[in-house]
Amino acid sequence: MFGYVTIHEPELKVKDLKKYKAYYCGLCRVLKEEYGFIGQMTLTYDMTFAIILLSSLYENVAEQEQHRCKVHPAKKQLMLRNEITSYAAAMNVLLAYYHMEDDWRDERKVGSLLTKNIVRGKARRIIESYPRQSRAIRSSLKELARCEEEGSTDIDRTAGCFGRLMEELFVYREDVWERELRRMGFFMGKFIYIMDAYEDLPENLEKGRYNPLREVFLQDGYEERVKDILCMMIAESTASFERLPCLVDVDILRNILYDGVWNRYNRIQMKKSEDQKNDEKPI
């Protein structure tokens, strides 16, 4: 369900692209150092956005490092990291842990059980360090599971579960910025959930799987309605962002919020257009 909050590379300055990649590589490095190879496998672009956002908001300067890695063995890569990088790494692992727990409970996936057991000790330490976020992730995923069991098509309810999860992750500190961070995270979480459901709908319908958008799909104006909902969700999220005093890396953040979050949606539209053209070609 992650991977939607990314940069739109063609519109990003070279220096900003370099810095974005350095934050991403820094997160990867911290995941490896603190949680091993399994932790590294939880790496997401979405948490890179959270690092840049919170670092900008709290004016937390990142340290520069250079390291080689398996992906780039020949040349050392620039990496940026700070205390917020460690926080994001912990949230990455915690999300993956609870997701694997659900996979084992619901579908008895052996791979999820084995991986969950490997990271259990480290996940427990994260739970002790971040009880508020842990409770939010656990309760939100349980509510999502209930929605699936009931076959709920209440978009506000289902997307709201993921929204509440994301809002807790965005609240790094419970301070004067908490309200705006919560609103920003909540609506971004709803955007991510709905976008994921929209992308998965064709396959879900084909295989008879649950998808909260299936009822909307059967109604006239499905495409327009989904786009309107997505626009409303990201508009609410960006409105809260603009009320935060973020100055450092603001061009990167705006690139993601106003362009990057639509990358997958635009690719879906391009594929649908190509498929339609192929269908219209004479035999």
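Residues numbered from 1 in each chain as written. Predicted model: local features only at pLDDT ≥ 70, side-chain atom pairs only at ≥ 80, totals over all residues. Heavy atoms only, no water.

(A) Layout of the overall build of the protein chain. Counting its secondary structure elements, the protein chain contains eleven helices and two strands. Mapped in sequence order, the helices and strands of the protein chain form the string α-α-β-β-α-α-α-α-α-α-α-α-α. Taken against the 2.2 N^0.38 rule, which gives 19 Å for 283 residues, the C-alpha radius of gyration of the protein chain at 19 Å falls within 12% of a compact globule. By its C-alpha atoms, the protein chain is 55 × 45 × 45 Å across when sized along the principal axes. The burial tally for the protein chain puts 50% of its 283 residues in the buried class. For the protein chain, the proportion of contacts with a sequence separation of at least 24, taken over those separated by at least 6, is 70%. A total of about 14,900 Å² of accessible surface is found on the protein chain, and carbon and sulfur atoms cover 51% of it. For the protein chain, the distance from the average position of its 45 positive side-chain charges to the average position of its 47 negative side-chain charges is 6 Å. (Helix = DSSP H or I, 4+ residues; strand = E, 2+ residues; numbered from the N terminus. Rg over C-alpha atoms; globule rule 2.2 N^0.38 Å. Buried < 20%, exposed > 50% of the residue type's maximum accessible area, 1.4 Å probe, protein only. Contact = heavy atoms within 4.5 Å. Areas by Shrake-Rupley, 256 points an atom, 1.4 Å probe, with all protein chains shown as cover. Lys, Arg positive; Asp, Glu negative; His and termini not counted. Charge placed at Lys NZ, Arg CZ, Asp CG, Glu CD.)

(B) Region of interest: the environment of Arg 29. With respect to the helices and strands, the residue Arg 29 is situated in helix α1 (residues 14–40). For the pair formed by Arg 29 and His 67, sequence separation is 38 residues and the distance between their alpha carbons is 8.6 Å. Setting aside anything within four residues of it in sequence, one finds Arg 29 in contact with His 67, Arg 68, Met 79 and Arg 81.

(C) Representation of the nonpolar core within the structure. Counting residues in each nonpolar core, the largest one holds 85 residues, and the members touching the most others are Phe 49 and Leu 53. Top element by residues in this core is helix α7 (residues 178–207). It accounts for 13 residues. Those residues within four positions of Phe 49 in sequence are excluded, and the remaining contacts are Val 5, Phe 170, Met 184, Met 188, Leu 253, Ile 256 and Leu 257. (Core = buried A, V, L, I, M, F, W, Y, C linked by side-chain atoms within 4.5 Å.)

(D) View of the packing of aromatic side chains. For the coordinates displayed, the defined rule picks out twelve aromatic pairs. Judged by centre distance (5.1 Å) and plane angle (80 degrees), the ring pair of Phe 186 and Phe 187 falls under edge-to-face. As far as the burial class goes, Phe 186 and Phe 187 line up, both buried. For the pair Phe 191 and Trp 262, a centre-to-centre distance of 5.4 Å together with 80 degrees between the ring planes defines the contact as edge-to-face. Note that Phe 191 is positioned in helix α7 and Trp 262 in the loop between α10 (250–258) and α11 (263–280), a separation of 71 residues in sequence. Residue Phe 191 shares its accessibility class with Trp 262, and that shared class is buried. (Phe/Tyr/Trp six-rings, centres within 6.5 Å; stacked < 30°, edge-to-face > 60°.)

(E) Here's a closer look at the packing of helix α5 (residues 131–150) against helix α6 (residues 155–170). Running from amino to carboxyl end, α5 crosses α6 at an angle of 170 degrees, the nearest separation of the two axes being 9 Å. Overall, the two elements α5 and α6 adopt an arrangement that is roughly antiparallel. Contacts between α5 and α6 involve Arg 132, Gln 133, Ala 136, Ile 137, Ser 140, Leu 141, Glu 143, Leu 144, Arg 146, Cys 147 and Glu 150 from the first element and Arg 157, Thr 158, Cys 161, Phe 162, Arg 164, Leu 165, Glu 168 and Leu 169 from the second. Classifying every residue of the contact of α5 with α6 by side-chain character gives nine nonpolar, three polar and seven charged. (Axes fitted to C-alpha atoms, helices over the stretch in contact; angles between N-to-C directions. Parallel < 35°, antiparallel > 145°, perpendicular 65-115°, else oblique. Nonpolar A, V, L, I, M, F, W, Y, C, P; charged D, E, K, R; others polar.)

(F) Spotlight on the pattern of salt bridges. All told, the structure shown has 23 salt bridges when counted by the stated rule. In this structure, the salt-bridge partner of Glu 199 is Arg 264, at a minimum N-O distance of 3.0 Å. Of this pair, Glu 199 sits in helix α7 while Arg 264 sits in helix α11; the two residues are 65 residues apart in sequence, bridging distant segments of the chain. Ionic contacts of the salt-bridge type, sharing partners, join the residues Arg 132, Glu 167, Glu 168, Glu 174, Glu 178 and Arg 182 into one network. (Salt bridge = Lys/Arg side-chain N within 4 Å of Asp/Glu carboxyl O.)

(G) Spatial organisation of the state of the cysteines. Summed over all chains, the structure comprises zero disulfides. Free cysteine: Cys 69, not disulfide-bonded; nearest cysteine sulfur from Cys 28 at 6.3 Å. By relative accessible area, Cys 69 is classed as partly exposed at 24%. Cys 161 provides the cysteine sulfur closest to Cys 147, a residue in no disulfide bond, and the two sulfurs are 4.4 Å apart. (Disulfide = S-S within 2.5 Å.)

(H) Inspection of helix α9 (residues 222–242) at higher detail. For α9, spanning 21 residues, the distance from its first C-alpha to its last is 30 Å, which sits close to the expected 30 Å at 1.5 Å a residue. Within the sequence span of α9, burial applies to Tyr 222, Val 226, Ile 229, Leu 230, Met 233, Ile 234, Ser 237, Thr 238, Ser 240 and Phe 241. Around the axis of α9, the buried residues are gathered within 160 degrees of arc, so they sit on the same side. (Expected span 1.5 Å × (residues − 1). Arc of directions from axis to C-beta.)

(I) Quick look at the pairing of strand β1 (residues 63–67). With zero of five residues buried, β1 is to be regarded as a mostly surface element. Bridge analysis of β1 against strand β2 (residues 77–81) gives five bridges, and the strand direction is antiparallel. Its bridge partner being in β2, Gln 66 is matched across the sheet by Leu 78. (Pairing = 2+ DSSP bridges.)

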